[in-house]
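Chain by chain, the residues:
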Amino acid sequence: NKLRDIRENPIQLLDQLPESALSIKDFRRAKVENGRTVWALLGEEASYDKDQRQAVIQKPRFLYYDKKGDIAEASAEIAHVYLNDKELEKMQLEGGIEISYNGYLLKSQEAIYLPAKEQIVMPQRTTLIGEGLELQGSSMEVDLGDSKVRLLREVKTKLEPEKLAKQKGRSGQS
């Protein structure tokens, strides 16, 4: 059954399309496991390169839903999405990247999402901003599975104790 084959491997359908049909306006793609959305990718326009098995998405928004229900949202100028037969293998965001997660904002010029590791790697200078806190590093890794951030090399820290105290007071009032 052709419909079942397409559902099981939607990338195969893209390989059968002629070059001219491989541009999509208002791009949307999501991964759902056991009724739970794992991630969603949206963009103004996408084009697919069959030979590279790569989609290029303009003005992408990427939403990652962790197991606790928290959402990480990333935006950029361009996303390069690498696909294997059924899965997102890797996504590389470029230009004006902002990632918001649990009250923090990450800013960089490049970010690479590795779904198999539940990890975001930012190989260029990255800034992490939270209430009363600003960290910079020449690169950063974010482990989405256990919500850990690692700043690597040339780390700078700016703390605003008054704002941190307010934040601590608010979280202790629950």
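Since the structure is predicted, the reported quantities are computational estimates derived from the model, not experimental observations.

Procedures and definitions
- Residues numbered from 1 in each chain as written.
- Predicted model: local features only at pLDDT ≥ 70, side-chain atom pairs only at ≥ 80, totals over all residues.
- Heavy atoms only, no water.
- Helix = DSSP H or I, 4+ residues; strand = E, 2+ residues; numbered from the N terminus.
- Buried < 20%, exposed > 50% of the residue type's maximum accessible area, 1.4 Å probe, protein only.
- Pairing = 2+ DSSP bridges.
- 1 Å grid on protein atoms, 1.4 Å probe; cavity = no way out; pocket = protein on both sides within 12 Å on 5 of 7 lines; lining within 4 Å.
- Points joined across faces, edges and corners; volume = space filled by probe spheres on them.
- Nonpolar A, V, L, I, M, F, W, Y, C, P; charged D, E, K, R; others polar.

Trainee: Looking at this structure, I do not really get the overall build of the protein. What am I missing?
Mentor: Within the protein, the secondary structure is distributed over three helices and 14 strands. Buried positions account for 36% of the 174 residues belonging to the protein.

Trainee: Please clarify how the pairing of strand S11 (residues 133-137) should be interpreted in this entry.
Mentor: Two faces make up the sheet, and in a regular strand the side chains alternate between them. Residues Leu133, Leu135 and Gly137 line the buried face of S11, whereas the alternating positions Glu134 and Gln136 sit on a face that is not buried. Sheet topology places strand S10 (residues 126-130) next to S11; five bridges connect them, and they run antiparallel. Paired with Thr127 across the two strands is Gln136, which belongs to S11. Taking the residues between adjacent antiparallel strands as the criterion, S10 and S11 are bridged by two residues, where Gly132 takes a positive phi near 80°. Note: S11 against strand S14 (residues 156-159), four bridges, orientation antiparallel. In the sheet register, Gln136 faces S14, and the bridge partner there is Lys156.

Trainee: Where do I start with unusual backbone geometry in this structure?
Mentor: A negative phi angle characterises most non-glycine residues, just as the trans form characterises most peptide bonds. The residue Lys59 is not glycine, and still its phi comes out positive at about 50°. Take Lys59: it is sitting in the loop between strand S3 (54-58) and strand S4 (61-65). Residue Lys59 is classed as partly exposed on the basis of its relative accessible area of 39%. Here Asn102, not a glycine, exhibits a phi torsion of approximately 50°, which is positive. Mapped onto the elements of the fold, Asn102 is located in the loop between strand S7 (88-101) and strand S8 (104-114).

Trainee: Would you mind showing me how to read empty space enclosed by the protein here?
Mentor: If you roll a probe as big as a water molecule over the atoms, it shows you where there is empty space left. What the rule picks out here adds up to two cavities of 30 Å³ or more. Volume-wise, the largest cavity comes out at about 40 Å³. Along its surface, the largest cavity is lined by Phe62, Ala74, Met91, Leu93, Ile99, Ala111, Ile112, Tyr113 and Ile120. Sorting the residues of the lining of the largest cavity by element identifies S7 and S8 as the ones contributing at least two each. Each residue belonging to the lining of the largest cavity can be placed in one class, and the counts come to nine nonpolar, no polar and no charged. Approximately 40 Å³ is the volume found for the second largest cavity. Taken together, Phe62, Tyr64, Ala72, Glu73, Ala74, Ile99, Ile120 and Leu144 make up the lining of the second largest cavity. Contributing elements (two or more residues each) for the lining of the second largest cavity: S4 and strand S5 (71-75). The greatest single-element share of the lining of the second largest cavity, amounting to three residues, is contributed by S5. Residues belonging to the lining of the second largest cavity are distributed by class as follows: seven nonpolar, no polar and one charged.

Trainee: So what exactly am I meant to see when it comes to the pairing of S4 here?
Mentor: Direction of pairing for strand S2 (residues 36-49) relative to S4: antiparallel, over a ladder of four bridges. The residue bridging Leu41 from the neighbouring strand is Phe62, located in S4. Pairing analysis gives five bridges linking S4 to S5, with the strands arranged antiparallel. Across the sheet, the residue bridging to Tyr64 is Ala72, located in S5. Connecting S4 to the next strand, S5, in antiparallel fashion are five residues, including Gly69 with a positive phi near 95°.

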